[in-house]
Every structure is written in C-alpha cells, then in structure tokens.
Amino acid sequence: MPDRTLEANGGELGRPFEEVFFQAADGVRLHGWFFPANGGSPRAHQVLLLCHGNAGNISTRLRFYRAWLELGINLFTFDYRGYGLSEGRPSEEGTYRDAQAAAGWLREKGFVPSNIIVMGKSLGGGVASELMLREPLGGLILQSTFTSIPDIGGELYPWLPVRRLHRIKYDTVNRLPKIKAPVLVAHSRADDLIGFHHAERNFKAANEPKEFLEIGGNHVSVIEDGRTEYLKGLEQFFSRHLNHTPK
C-alpha cells in the first residue's frame, strides 16, 4: 500500500535533520531522512535504521521518530522503491536491495556495522530479517511483525490457497535461526492485524541473546497506548545487548 504523497517534510520534529537521496545496487534512486542524535548523547555512535511497514511512507511515522530519538540514538528512515519520493515500483527483492543501500549509506557516513540497529515494523520485519543475513549488523528489532507472508495470508484469507500459490514470502521465522545478533521481539496482544502468536513463533526461532517486549495498543498505537513502557523496554534492550563503545 505505497503512498507517493508526503504528508510532512521532516522539519516538523523541530530538530536538525538531513534529507538524503541515494541509490540501490540496481540504480533505483531512493529517499530518506537522517536525524542525528542529541549532542553529547552516549549513543551518538549508534543508529536506528527503520524498515517501515506496508502503508504510507516516511512522512506518516513522525510520532515514532520523536519517541525513538528520545533514546539518544541517531535515526535513519527511508522509503522503499515506489514509496514517497523513492523511484521505481515495489517488489520483495526490491525492498531487500533498498534496505541494503540504506545500510550502505550509513556505513559511508561512518557508522560501523556493529553500531547499526535495524528496526523492522510490520512488513518491515520481513525486510529487516533479510537485511541481517545480507549485511550482518549490530542488532534486530521486530515490532508487530509476522512470521511470513504465506502464514499471515493464510490466516486473513483462509478460503484461498495462499500458502501454495503466494510468490511473496518475507519469511522471517525461517531466517531467525541464521541471525547471530541480539534480537528484540515486540508485540501487543491487542494487535488487530497480526496475531500475538506470530511474535511468539519468531521469538522461539531466534537465537540468544534475545528479549521479548509485550507492548500496548493495537497494530499501530503503541505510542498512544503504552509509550512509557515501550521506551523503557527499548532502553533496556539497548543497555543490555547493544552498549557498544564508539569505534
């Protein structure tokens, strides 16, 4: 469900940011925003790389950016091909290439791989898990995401042969055993789109070190319905598993 129209320009957060254009390996021009950490933050050497969900674009997630930046970390958010100002048309492999290009841009900016933490929200969890196999990075956060597209498709459309015919996979649950980095799985029991059991399966499949964070709200309302505990959980995950020193 890509949206080409930006509802915001990045400046609404009232803090410095950089508008970024960069290229995927196949030449598709992509667009993103980089928000630097607060000055003097002990996490100024770390960056959160967002792989966003299926709907909208980078302009529809400002409330999440504001919350994550309170943790003192840098943030890079980008649009997949076909979303916002990014060129091209969406595809599964295309989203993987786009995430790789975003990680590459961060490396060029000076972030070492161990200090890049990938956040995959909803559909973005499928993108982020593949990125962790192609570009091993410092950590993975799966928020409100599914085990795989055939699994969630079979649940949403039980009268269709989704598992047998679906060409789009985003098979996170079978990638997790291959990922050798700290993993946080965050999900709400009240999620009205992706059942809590997807998170439980993903967590079981992940290697140690791993943590589970039960969040509040529905599929998209954790900031409104549990902001304090949500940020506390992220803070604890960073402190326990991602407290790398600058390099």
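Residues numbered from 1 in each chain as written. Predicted model: local features only at pLDDT ≥ 70, side-chain atom pairs only at ≥ 80, totals over all residues. Heavy atoms only, no water.

## Points about the overall build of the protein chain
Here is step 1: Secondary structure summary: the protein chain contains eight helices and eight strands in total.
Here is step 2: For 247 residues, the compact-globule estimate of 2.2 N^0.38 gives 18 Å, and the C-alpha radius of gyration of the protein chain, at 17 Å, lies within 12% of that figure.
Here is step 3: Dimensions of the protein chain, computed from C-alpha atoms along their principal axes, come out at roughly 55 × 40 × 35 Å.
Here is step 4: Burial status across the protein chain gives 57% buried among its 247 residues.
Here is step 5: If you take every contact in the protein chain between residues at least 6 apart in sequence, the share linking residues at least 24 apart comes to 72%.
Here is step 6: In the structure as shown, the protein chain presents an accessible area of about 10,600 Å², 51% of it carried by carbon and sulfur atoms.
Here is step 7: Of note, the protein chain has its 29 positive side-chain charges centred 5 Å away from the centre of its 28 negative side-chain charges. (Helix = DSSP H or I, 4+ residues; strand = E, 2+ residues; numbered from the N terminus. Rg over C-alpha atoms; globule rule 2.2 N^0.38 Å. Buried < 20%, exposed > 50% of the residue type's maximum accessible area, 1.4 Å probe, protein only. Contact = heavy atoms within 4.5 Å. Areas by Shrake-Rupley, 256 points an atom, 1.4 Å probe, with all protein chains shown as cover. Lys, Arg positive; Asp, Glu negative; His and termini not counted. Charge placed at Lys NZ, Arg CZ, Asp CG, Glu CD.)

## Concerning the nonpolar core
Here is step 1: With 43 residues, the main nonpolar core has Phe22, Leu49, Phe76, Leu106 and Leu140 as its most contacted residues.
Here is step 2: Considering each element in turn, this core owes the most residues, seven residues, to helix H2 (residues 92-109). (Core = buried A, V, L, I, M, F, W, Y, C linked by side-chain atoms within 4.5 Å.)

## Comments concerning unusual backbone geometry
Here is step 1: The omega angle of the peptide bond from Glu208 to Pro209 is 0°, so this bond is cis rather than trans.
Here is step 2: Among the structural elements, Pro209 can be located in the loop between helix H7 (196-205) and strand E8 (210-215).
Here is step 3: Positioned with a positive phi, Tyr170 is a non-glycine residue whose angle comes to about 40°.
Here is step 4: Along the chain, Tyr170 turns up in the loop between helix H5 (162-165) and helix H6 (172-175).

## Description of the packing of aromatic side chains
Here is step 1: Counted under the stated rule, the structure contains 18 aromatic pairs.
Here is step 2: Taking 5.5 Å as the distance between ring centres and 25° as the angle between the ring planes, the aromatic pair formed by Phe17 and Phe35 counts as stacked. Of the two residues, Phe17 sits in the segment before strand E1 (18-23) while Phe35 sits in strand E2 (residues 29-35), which places them 18 residues apart along the sequence.
Here is step 3: The partly exposed category is assigned to Phe17, whose relative accessible area is 30%.
Here is step 4: Residue Phe35 is classed as buried on the basis of its relative accessible area, which comes to 0%.
Here is step 5: Ring plane angle 90° and centroid distance 5.6 Å describe the contact between Phe78 and Tyr80, whose orientation is recorded as edge-to-face. Neither Phe78 nor Tyr80 differs from the other in exposure class; each is buried.
Here is step 6: Through successive ring pairs, a cluster of aromatic residues spans Phe22, Phe34, Phe76, Phe78, Tyr80, Tyr83, Trp105 and Phe111.
Here is step 7: Between Arg29 and the ring centre of Phe21, over which it is positioned, the NZ or CZ distance is 4.1 Å.
Here is step 8: The cationic tip of Lys109 hangs over the ring face of Phe34; the distance from NZ or CZ to the ring centre is 4.9 Å. (Phe/Tyr/Trp six-rings, centres within 6.5 Å; stacked < 30°, edge-to-face > 60°. Lys NZ or Arg CZ within 6 Å of the ring centre and 35° of its normal.)

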